[in-house]
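What the coordinates show
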Amino acid sequence: MDRRSVIKNAGIAGILAAGAAPAVHAQAALRWRLTSSFPKALDTLFGVNDVFAAKVKEMTGGKFEITTHAAGELVPAFGTIDATKDGTVEMSNTAPYYYFGKDETFALGCAIPFGLNSRQMSAWMFHGNGLKLFREFYSNYGIVNFPMGNTGAQMGGWFRKPIKSLADFKGTKFRVGGFAGKVVERIGGVPQNIPGGEIYQALEKGTIDAAEWVGPYDDLKLGFYKVAKNYAYPGWWEGGPQLDLHINKKAWDSLSAEYKAIVEAASVYAHNDMQTRYDARNAAALKTLVAGGAKLFAFPKDLMDAAFKESMGLYEEIGNKNPNWKKIYGDYSSFRKEANQWFRFTEARFDNYMQSAKL
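Since the structure is predicted, the reported quantities are computational estimates derived from the model, not experimental observations.

Points about a nonpolar patch on the surface
A contiguous nonpolar patch, built from Phe 350, Tyr 353, Met 354 and Leu 359 and spanning about 520 Å² of accessible area, is present on the exposed surface. With respect to the helices and strands, the residue Met 354 is situated in helix H16 (residues 347–356). Residue classification places Met 354 among the partly exposed residues on the basis of a relative accessible area of 31%.

This is the structure:
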């Protein structure tokens, strides 16, 4: 072996021993800002951003730092799309259905009533056409999108009085996120779109009659059980709501191939981390809520049937006037049909048995 080969091999061995690829260390140092639609007190919804930022920093050896900012620090809770599009911030994390007023299609990237559950949503995004279709959609806003977070199926919210029939629901002033309000309105409710940090006060003061947020872990933190004891399930409008990481297109294009790969890997890591955290914490939180006086009740079948019927009618109406929705919902609904046919033989049957068994 000649002298040059020895030097070359020694150099590679040193790099491998250091545990980092030379391309990453060669990158310029970057400092970006990421704004969220959520307050820091919600350590899982907001915390997904800290998990993501920490992983990017770790994988770049500290070269790429991302500071995370709660709703209102840099941008209002419902201002993330415009701030990212305009380059006010490089990145944001939000529940896309908050922006259905711009285009109903945003809701399909998060959750719609009687839509995909969380596993189906991830399957559609990563191994169906979901991510491809939404990349095309977001290109109209100068944004590159990545799935980054899912809560799993949510609870149905806190009510001053239990809902025993569809008639009981009519006239209820109900804080419900984004697009679901369209269906709530069609079955007689009065939807209210209020940021998370303002819900408790509205419920306490009687400005609203009921409110939903996510599930036991977050609801316990927000203290809703103190002002409304009746806790509904399921959240039929949020079977698997996905949060997104949005990146300004010009900022994204400025990244090296290595940094792009790291951002993508970190977003997938954070995506999985959010739901596993909720799944690990919700059970204990639900026990605490019940011990504190929460009274669980299931939405009555006539309400569920009416909501389902109105949802399907609404989707057809939107498709007749919105080509973006028609294109993406067509693919989404086909995937949903196939996925549910499969899940009913395995997941649903297994879950039903296990949840009725004595453990």
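Regarding the sheet that holds strand E9 (residues 230–233)
With respect to topology, six strands assemble into an open sheet ordered E7-E6-E8-E5-E9-E11, the strand pairing being mixed. Edge strands, defined here as strands with exactly one partner in the open sheet, are strand E7 (190–192) and strand E11 (295–298). Two elements, E9 and E11, share four bridges in a ladder whose sense is parallel. Residue pairing for E11: Ala 232 is matched across the bridge by Phe 297.

Some thoughts on the nonpolar core
Within the largest apolar cluster, 100 residues are counted, with the highest numbers of intra-cluster contacts made by Phe 52, Trp 213 and Trp 236. The element that contributes the greatest number of residues to this core is helix H13 (residues 257–291), accounting for nine residues.

Quick look at the pattern of salt bridges
Taken as a whole and assessed by the stated rule, the structure comprises 16 salt bridges. For the salt bridge of Arg 31 with Glu 65, the shortest nitrogen-to-oxygen distance reads 3.9 Å. Of this pair, Arg 31 sits in strand E1 (residues 30–36) while Glu 65 sits in strand E2 (residues 64–69), placing them 34 residues apart in sequence. On the basis of relative accessibility, which here comes to 58%, the residue Arg 31 falls in the exposed class.

A look at the environment of Asp 219
Looking at the secondary structure, you find Asp 219 in helix H11 (residues 216–222). Sequence separation between Asp 219 and Asn 282 is 63 residues, and the spatial gap between their C-alpha atoms is 9.7 Å. In this structure Asp 219 touches Trp 158, Trp 213, Val 214, Phe 224 and Tyr 231, once residues within four positions along its chain are discounted. Reaching out from Asp 219, the side chain makes a polar contact with the side chain of Trp 158 at a distance of 3.0 Å. Of the polar contacts made by the side chain of Asp 219, one reaches the side chain of Tyr 231; its length is 2.7 Å.

Looking at the packing of aromatic side chains
Counted according to the given criterion, the structure contains 35 aromatic pairs. Their ring planes at 70° and their centres at 5.7 Å tell us that Phe 106 and Tyr 138 sit as a pair that is edge-to-face. Of this pair, Phe 106 sits in helix H5 (residues 105–108) while Tyr 138 is found in helix H7 (residues 130–138), placing the two residues 32 residues apart along the sequence. When the centroid spacing of 6.1 Å and the interplanar angle of 25° are considered together, the rings of Tyr 329 and Tyr 332 count as stacked. Note that Tyr 329 and Tyr 332 are positioned in helix H15 (residues 323–343) at a spacing of three residues, about one turn of the helix. You can call Tyr 329 buried: its relative accessible area is 13%. Lying across the ring of Phe 146, Arg 135 places its NZ or CZ 4.6 Å from the centre.

A look at the sheet that holds E1
Across the sheet, which stays open at both edges, the five strands sit in the order E2-E1-E3-E10-E4 with mixed pairing between neighbours. Here the strands that pair on one side only, and so sit at the sheet edges, are E2 and strand E4 (143–150). Averaged over all adjacent pairs, the angle separating strand axes in this sheet is 25°, with direction ignored. Sheet topology places E1 next to strand E3 (residues 91–94); three bridges connect them, and they run parallel.

A few points about the pairing of E4
Most of E4 sits inside the fold, with eight of its eight residues counted as buried. In this structure, E4 lies alongside strand E10 (residues 242–248), joined through six bridges in antiparallel fashion. Residue pairing for E10: Asn 150 is matched across the bridge by Gln 242.

A look at H15
Taking 1.5 Å per residue, 21 residues should reach 30 Å; H15 reaches 30 Å between its end C-alpha atoms and fits that length. Along H15, the sharpest change in direction is near 25° and occurs at Tyr 329. Residues of H15 that are buried include every one of Trp 325, Ile 328, Tyr 329, Tyr 332, Arg 336, Ala 339 and Phe 343, and no others. Looking at where H15 begins, the residue whose side-chain oxygen comes 2.9 Å from the main-chain nitrogen of Asn 324 is Asn 322.

Re unusual backbone geometry
Following Tyr 233, the chain continues to Pro 234 via a peptide bond in cis, the omega torsion being -10°. Within the fold, Pro 234 resides in the loop between E9 and E10. Phi is positive for Phe 114, which is not a glycine, with a value near 60°.

The rules we used
- Residues numbered from 1 in each chain as written.
- Predicted model: local features only at pLDDT ≥ 70, side-chain atom pairs only at ≥ 80, totals over all residues.
- Heavy atoms only, no water.
- Patch = residues over 30% accessible without salt bridge, like charges linked within 9 Å, V, L, I, M, F, W, Y side chains within 5 Å.
- Areas by Shrake-Rupley, 256 points an atom, 1.4 Å probe, with all protein chains shown as cover.
- Salt bridge = Lys/Arg side-chain N within 4 Å of Asp/Glu carboxyl O.
- Helix = DSSP H or I, 4+ residues; strand = E, 2+ residues; numbered from the N terminus.
- Buried < 20%, exposed > 50% of the residue type's maximum accessible area, 1.4 Å probe, protein only.
- Pairing = 2+ DSSP bridges.
- Core = buried A, V, L, I, M, F, W, Y, C linked by side-chain atoms within 4.5 Å.
- Contact = heavy atoms within 4.5 Å.
- Polar contact = N/O pair within 3.5 Å; in protein donor to acceptor, adjacent residues only side chain to side chain.
- Phe/Tyr/Trp six-rings, centres within 6.5 Å; stacked < 30°, edge-to-face > 60°.
- Lys NZ or Arg CZ within 6 Å of the ring centre and 35° of its normal.
- Axes fitted to C-alpha atoms, helices over the stretch in contact; angles between N-to-C directions.
- Expected span 1.5 Å × (residues − 1).
- Bend = angle between axes of the 7 residues up to and from the residue.

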